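Residue-level structure breakdown
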Amino acid sequence: MKISDNARINLKEYIHESSYYRFENGDGTQYTVHICHCEHGGFYVICNDSSLWMGFKGDLHLKFLCGNNNEYTKIALTQLLVAKEWI
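Residues numbered from 1 in each chain as written. Predicted model: local features only at pLDDT ≥ 70, side-chain atom pairs only at ≥ 80, totals over all residues. Heavy atoms only, no water.

Here we come to the nonpolar core. Core analysis: the biggest nonpolar cluster contains 16 residues, and V33, I35, F43, V45, L77 and L81 have the highest contact counts within it. For this core, the secondary structure elements donating two or more residues are β1 (18-24), β2 (30-37), β3 (43-47) and α1 (71-83). In terms of residue count, α1 provides more of this core than any other element does, 4 residues in total. The contact partners of F43, leaving out residues within four places of it in the chain, are I35, C36, H37, C38, W53, M54, G55, F56, K57, L81, W86 and I87. (Core = buried A, V, L, I, M, F, W, Y, C linked by side-chain atoms within 4.5 Å. Buried < 20%, exposed > 50% of the residue type's maximum accessible area, 1.4 Å probe, protein only. Helix = DSSP H or I, 4+ residues; strand = E, 2+ residues; numbered from the N terminus. Contact = heavy atoms within 4.5 Å.)

Laid out in structure tokens, this is it:
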């Protein structure tokens, strides 16, 4: 793919708010988690680059969106989100 040397990008808005966590829960499983705000409310949680979840402040029930749907991962993510006051 050739991109023109004269290509211009006109950004209307740029907001970069995200968090990155590496943690281990009680059973020794290690997680790498990226959390970023969703433009229309809530936040996205990307876990180990293999699953995507969505959460909302005040709601303990993460919504699974795609990837590996694992109940133990959901529990560990919920523990992290509560500890870091995302939910």
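Relative to β2, β1 is paired through 7 bridges, and the arrangement is antiparallel. Looking at the pairing, F23 lines up with Y31 of β2. Count of turn residues in the β1/β2 antiparallel hairpin: 5 residues, of which G28 carries a positive phi of about 90 degrees. Linking β2 to β3, which pair antiparallel, is a turn of 5 residues; within it G41 sits at a positive phi near 115 degrees. (Pairing = 2+ DSSP bridges.)

The next thing to look at is the packing of aromatic side chains. In the structure shown here, the tally under the stated rule is 3 aromatic pairs. Taken together, a centroid distance of 5.1 Å and an interplanar angle of 20 degrees make the contact between F23 and Y31 stacked. Residue classification places Y31 among the buried positions, given a relative accessible area of 4%. (Phe/Tyr/Trp six-rings, centres within 6.5 Å; stacked < 30°, edge-to-face > 60°.)

Keep in mind these numbers describe shape, not what the thing actually does.
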